[in-house]
Amino acid sequence: MTVENTLSIIKPDATRRNLTGSINAKFEQAGLKIVAQKRLQLTKKMAQDFYKVHKDRPFFNELVDFMISGPVIAQVLRGENAVKHNRDVMGATNPKEAEKGTIRNEFAESIEANSVHGSDSIENAKTEIEFFFAQIELIY
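Note that the coordinates shown come from a computational prediction; the quantities given were computed from them, not determined experimentally.

Report on the pairing of strand 3 (residues 72–80), specifying residues and quantitative values.
The buried count for strand 3 comes to seven of nine residues, which makes it a mostly enclosed element. Both strand 1 (residues 3–10) and strand 3 contribute to a ladder of eight bridges, which runs antiparallel. Residue Glu-4 lies in a different strand from strand 3, and its bridge partner there is Gly-79. Relative to strand 3, strand 2 (residues 33–40) runs antiparallel, the two sharing seven bridges. The residue bridging Leu-40 from the neighbouring strand is Val-72, located in strand 3.

Here it is as structure tokens:
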């Protein structure tokens, strides 16, 4: 197995409900280590730049508005096959389809307000981590 880094974002619906600790506990209990973390308020430009791969999709503006609606927690998780492992811990995008015990099953309010974002590939993880963090901020 390969040790990887992946990006995780705890979204505004979860920070609003003070779920950061509960969500981080799920990551840590699953064997993922938090090696960088910051709380920030995304600007509209930051959200547009981060989600630019979706710019032509009908939900883009709603996604941007949601992501700037409150603070987020951007963090880097590290572990064996971290990208896939994190996605398993998060659960399906639609919380109604997420397996019992996953973050989205337990905490998501809706398919849009689904509490967490996670990188979907090693390549995207690298790009997304670099969007939020300098290499010096990753503490192994």
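Please provide a residue-by-residue account of the packing of aromatic side chains, values included.
Per the stated rule, a full pass over the model turns up four aromatic pairs. Ring geometry for Phe-50 and Tyr-51: centres 4.9 Å apart, planes at 85°, overall edge-to-face. As far as burial versus exposure is concerned, Phe-50 and Tyr-51 are alike and both buried. Relative to Phe-132, the ring of Phe-50 lies with its centre 5.3 Å away and its plane at 55°, an arrangement referred to as tilted. Of the two residues, Phe-50 is situated in helix 3 (residues 44–50) and Phe-132 in helix 7 (residues 122–132); the sequence distance between them amounts to 82 residues. Accessibility assignment for this pair places Phe-50 and Phe-132 in one class, buried. Here the aromatic residues Phe-50, Tyr-51, Phe-131 and Phe-132 are joined through ring pairs into a cluster of three or more. For the cation-ring pair, Lys-38 lies above Phe-133, with the distance from its terminal atom to the ring centre recorded as 4.8 Å.

Help me get a handle on the side chain of Thr-102, residues and values and all.
Positionally, Thr-102 belongs in the loop between helix 5 (82–90) and helix 6 (103–107). Among the residues examined, Thr-102 registers a relative accessible area of 9% and is labelled buried. Reaching out from Thr-102, the side chain makes a polar contact with the backbone oxygen of Glu-99 at a distance of 2.7 Å.

So what about the pattern of salt bridges? Which residues, and what values?
Enumeration over the complete set of coordinates arrives at eight salt bridges. Here Lys-38 ties to Glu-137 by a salt bridge, and the two come within 3.2 Å at their closest N and O atoms. Taken together, the residues span a long stretch of sequence, with Lys-38 in strand 2 and Glu-137 in the segment after helix 7 at a distance of 99 residues. Looking at Glu-137, the relative accessible area reads 32%, which means it is partly exposed. Here Lys-84 and Asp-88 are joined by a salt bridge, their closest N and O atoms 2.9 Å apart. Taken as a pair, Lys-84 and Asp-88 lie in helix 5 at a separation of four residues, close to a single helical turn. A relative accessible area of 54% places Lys-84 in the exposed class.

A description of the sheet that holds strand 1 should follow, citing residues and the corresponding values.
Ordered by their spatial adjacency, four strands build an open sheet running 2-3-1-4, and the pairing between neighbours is antiparallel. Strand pairing shows two members of the sheet lacking a second neighbour, strand 2 and strand 4 (116–118), which therefore form its edges. Along the sheet, successive strands turn relative to each other by an average axial angle of 20°, direction set aside. Pairing geometry for strand 1 and strand 4, over three bridges, is antiparallel. Considered in strand 4, the bridge of Ser-8 is made with Gly-118. In this fold helix 7 packs onto strand 1, strand 2, strand 3 and strand 4, with an angle of close to 55° to the strand it touches most, strand 1.

Conventions and cut-offs
Residues numbered from 1 in each chain as written. Predicted model: local features only at pLDDT ≥ 70, side-chain atom pairs only at ≥ 80, totals over all residues. Heavy atoms only, no water. Buried < 20%, exposed > 50% of the residue type's maximum accessible area, 1.4 Å probe, protein only. Helix = DSSP H or I, 4+ residues; strand = E, 2+ residues; numbered from the N terminus. Pairing = 2+ DSSP bridges. Phe/Tyr/Trp six-rings, centres within 6.5 Å; stacked < 30°, edge-to-face > 60°. Lys NZ or Arg CZ within 6 Å of the ring centre and 35° of its normal. Polar contact = N/O pair within 3.5 Å; in protein donor to acceptor, adjacent residues only side chain to side chain. Salt bridge = Lys/Arg side-chain N within 4 Å of Asp/Glu carboxyl O. Axes fitted to C-alpha atoms, helices over the stretch in contact; angles between N-to-C directions. Contact = heavy atoms within 4.5 Å.

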